[in-house]
Amino acid sequence: ARPWLGGVTDQAAPLLPWIALTVLLELPSTCTPQALVAAERPGWASVYGTAMSGLKVVCLSTPLLLGHGLMEAAQGLAAYAALRLCVSVYLLAKTMPPGPLRIDLRLAWEQLVYTAPLALSIGSTVLNRHADKWIVAALIPSAFGAYVFAGQEVPLVPVLGNAMGTILATRITHAFHSGDLT
């Protein structure tokens with residue numbers, strides 16, 4: 001093991017750049033379902049969530065089912081994250097109002113303060129959804145493939161868990177547009 005990686009084994013160390021790339025590509029797209037709901041496109045948000053769950057399963061399982069190793073599985077996850085980011089950019093570009101982007105710093109600060117509880121809830125959900133897989137990949141690389149299949153979320157379970165956040169997002173959007181900041 002390399003001293004700067006702590007307890008990471010030599011087998012898992014080459015996977016870390018791919019895992020880091022996956023995280024970097026996936027983080028910007030985590031707000032897409034909420035942005036689609038806020039833009040009053042809940043159907044798009046639902047299709048996006050379901051499609052991305054299916055895409056993740058395909059991109060991760062295909063290399064493993066073809067007999068490849070952890071490196072290819074990590075590359076499959078990075079490919080999934082890249083595709084997710086591209087789809088997110090496209091969908092958000094379609095839902096953004098036309099014209100130049102105007103940023104009012106006072107309004108941005110009010111929105112940040114007003115939506116902070118929801119943002120913290122969403123952020124913790126995203127971290128909880130993926131942290132266990134990275135820990136298993138780092139500590140027990142030989143069990144990574146089996147764990148990912150066994151630990152894969154069924155899309156219905158996170159939908160039920162995040163239903164309150166989705167309901168809050170639409171109510172916060174309507175309240176903010178009507179000027180009700182209390």
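What you are looking at is a predicted structure, and each value in this text was computed from that prediction instead of being measured.

Asks: Looking at this model, I keep getting lost on helix H5 (residues 105-139). Mind explaining?
Replies: Residue pairs three or four apart in sequence face the same way in an α-helix, which turns once every 3.6 residues. Taking 1.5 Å per residue, 35 residues should reach 51 Å; H5 reaches only 44 Å between its end C-alpha atoms and comes up short. Ala116 marks the point of greatest bend in H5, at about 60 degrees, and the proline Pro117 comes within the next four residues. Listing the buried residues of H5 in full gives Leu118, Val126, His130, Lys133, Trp134, Val136, Ala137 and Ala138. The N-cap of H5, judged by a side-chain oxygen 3.2 Å from the amide nitrogen of Arg106 a few residues on, is Asp104.

Asks: Can you help me understand unusual backbone geometry in this one?
Replies: If a residue is not glycine, its phi is most likely negative; likewise, a peptide bond is most likely trans. You will see that Glu40, though not glycine, has its phi angle at about 60 degrees, which is positive. As for its placement among the helices and strands, Glu40 is situated in the loop between helix H2 (32-38) and helix H3 (42-65). Taking relative accessible area as the criterion, Glu40 reaches 54% and is therefore assigned exposed.

Asks: When you look at the side chain of Thr32 in this model, what are you seeing that I'm missing?
Replies: In this fold, Thr32 is placed in helix H2. Not counting residues up to four positions away in its chain, the partners in contact with Thr32 are Tyr48, Ser88 and Leu92.

Asks: Explain a nonpolar patch on the surface to me, please; I cannot follow it from the model alone.
Replies: Taken together, the side chains of Met96, Leu101, Ile103 and Leu105 make up a nonpolar region of the molecular surface, amounting to roughly 500 Å² of accessible area. In this structure, Leu105 sits in helix H5.

Asks: Would you mind showing me how to read the packing of aromatic side chains here?
Replies: For any two aromatic rings, the description comes down to two numbers: the centre-to-centre distance and the angle of the planes. Taken as a whole and judged by the stated rule, the model has zero aromatic pairs. If you follow Arg41 out to its NZ or CZ, it ends over the ring of Trp44, 4.3 Å from the centre.

Asks: Explain the nonpolar core here, please?
Replies: The tendency in soluble globular proteins is for nonpolar side chains to be buried as a group. Membership of the largest hydrophobic core is limited to eleven residues, which are Leu15, Ile19, Leu60, Leu70, Ala73, Ala74, Leu77, Trp134, Ala137, Phe144 and Val148. Looking at this core, the elements with two or more residues in it are helix H4 (70-95), H5 and helix H6 (144-150). If one sorts the elements of this core by residue count, H4 sits on top with four residues. Residue contacts for Leu15: discarding those within four places in its chain leaves Leu70, Met71 and Ala74.

Asks: Sorry if this is basic, but what is going on with the pattern of salt bridges here?
Replies: With the rule as written, the count across this model stands at two salt bridges. A salt bridge links Glu26 to Arg84; the nearest nitrogen and oxygen atoms lie 3.6 Å apart. One end of the pair, Glu26, is in helix H1 (residues 16-26); the other, Arg84, is in helix H4, with 58 residues separating them in the sequence. Each of the two residues, Glu26 as well as Arg84, counts as buried.

Asks: Explain the confidence of the model for the protein chain here, please?
Replies: Low-confidence regions, as indicated by low pLDDT, have predicted coordinates that should not be scrutinised in detail. When pLDDT is averaged along the protein chain, the result is 81; 83% of the residues meet or exceed 70. In the model of the protein chain, helix H7 (residues 156-161) stands out as the element of lowest mean pLDDT, 58, in contrast to H4, which has the highest, 93.

Thresholds applied
- Residues numbered from 1 in each chain as written.
- Predicted model: local features only at pLDDT ≥ 70, side-chain atom pairs only at ≥ 80, totals over all residues.
- Heavy atoms only, no water.
- Helix = DSSP H or I, 4+ residues; strand = E, 2+ residues; numbered from the N terminus.
- Expected span 1.5 Å × (residues − 1).
- Bend = angle between axes of the 7 residues up to and from the residue.
- Buried < 20%, exposed > 50% of the residue type's maximum accessible area, 1.4 Å probe, protein only.
- Polar contact = N/O pair within 3.5 Å; in protein donor to acceptor, adjacent residues only side chain to side chain.
- Contact = heavy atoms within 4.5 Å.
- Patch = residues over 30% accessible without salt bridge, like charges linked within 9 Å, V, L, I, M, F, W, Y side chains within 5 Å.
- Areas by Shrake-Rupley, 256 points an atom, 1.4 Å probe, with all protein chains shown as cover.
- Salt bridge = Lys/Arg side-chain N within 4 Å of Asp/Glu carboxyl O.
- Phe/Tyr/Trp six-rings, centres within 6.5 Å; stacked < 30°, edge-to-face > 60°.
- Lys NZ or Arg CZ within 6 Å of the ring centre and 35° of its normal.
- Core = buried A, V, L, I, M, F, W, Y, C linked by side-chain atoms within 4.5 Å.
- pLDDT = per-residue confidence, 0-100.

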